[in-house]
Structures are given as C-alpha cells and as structure tokens.
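These are the residues of each chain, in order.
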Amino acid sequence: MSVVIFHNPRCTKSRQTLQLLQDQGVEPEVVEYLKKPPSKTRLKQILKMLGMKPRELMRRKETEYKELGLDDESLSQEQLIDAMIKTPKLIERPIVIKGNKAAIGRPPENVLEIL
C-alpha cells in the first residue's frame, strides 16, 4: 500500500518526518502541497481521515490566518476549506497518508501509528 506525504521541504518537522519514513524503509510519494495544493475533495477526505475540523488543521500562527480574517468563528467549514486550498501555507504539515488513515507528523513519530 502506497504512502503519501504532504511535504514542505523548508519545514524541519516535514523533513524529519520524511527521513523517519525512509528510515522505516518507506519511500512515500512526496506531494509538495505549496506547489500543488490538494483538491477540495481530497482535503475533505484528509480531514475525515484525521478526524479533524478544518480550523484544527490550520496553521493559526501564520500571518495570512489573521489577514484573511480566518479567526472569525462565523465562517463555515466550507469557507475554511476554500481558504486552505487558496492559501495552502495555512495547512498544517506534514500529513502522511496510508490507505484510509492519516497522521500529522508533529512530532514525526506520530506517523508510525499508521504504517
């Protein structure tokens, strides 16, 4: 079964998670999500696999979070998902997917649970 990592090469945790996978003998498909964001359907699948709501998967400390008014509690789940697709920097990273399971590599060891 293939493994996919939504990866940002400039992120330490993302690099550590990729290395951890490789150390386990796993060569994942690497998706640089800043260059190729997930589709709306794919992001919804990922959220479901993680058991998270959109805001829980957002990097709330990014300046874009405040600038785009995403701290507004009245925003719908759809609006938050659309914001993550338009501004993929807001998506927490790294996300590792295997089959119908997903984990966030924070800390990197979290992903071992789904391998």
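Cut-offs and rules
- Residues numbered from 1 in each chain as written.
- Predicted model: local features only at pLDDT ≥ 70, side-chain atom pairs only at ≥ 80, totals over all residues.
- Heavy atoms only, no water.
- Pairing = 2+ DSSP bridges.
- Helix = DSSP H or I, 4+ residues; strand = E, 2+ residues; numbered from the N terminus.
- Axes fitted to C-alpha atoms, helices over the stretch in contact; angles between N-to-C directions.
- Parallel < 35°, antiparallel > 145°, perpendicular 65-115°, else oblique.
- Left-handed = near helix turned anticlockwise from the far one by under 90°.
- Contact = heavy atoms within 4.5 Å.
- Nonpolar A, V, L, I, M, F, W, Y, C, P; charged D, E, K, R; others polar.

Student: For the pairing of strand S3 (residues 95–98), give the residues involved together with the corresponding values.
Tutor: Sheet analysis places strand S1 (residues 3–7) next to S3, joined by four bridges and oriented antiparallel. Its bridge partner being in S3, Val-4 is matched across the sheet by Ile-97. In this sheet, strand S4 (residues 101–104) lies alongside S3 in antiparallel orientation, the contact comprising four bridges. Looking at S4, one finds that Lys-98 is bridged to Lys-101. Connecting the antiparallel pair S3 and S4 is a turn made up of two residues, with Gly-99 showing a positive phi of about 60 degrees.

Student: Can you tell me about the packing of helix H2 (residues 40–50) against helix H4 (residues 77–86), naming the residues and giving the values?
Tutor: Contact pair H2 / H4: the axes reach a minimum separation of 10 Å and the direction vectors enclose 115 degrees. When the axes of H2 and H4 are compared, the pair comes out roughly perpendicular. The hand of the H2/H4 crossing is right-handed. Where H2 approaches H4, its residues Lys-40, Leu-43, Lys-44 and Leu-47 are matched on the opposing element by Glu-78, Ile-81, Asp-82, Met-84 and Ile-85. Class assignment of the residues belonging to the contact of H2 with H4 gives a composition of five nonpolar, no polar and four charged.

Note that all results are geometric; they support no functional claim without further evidence.
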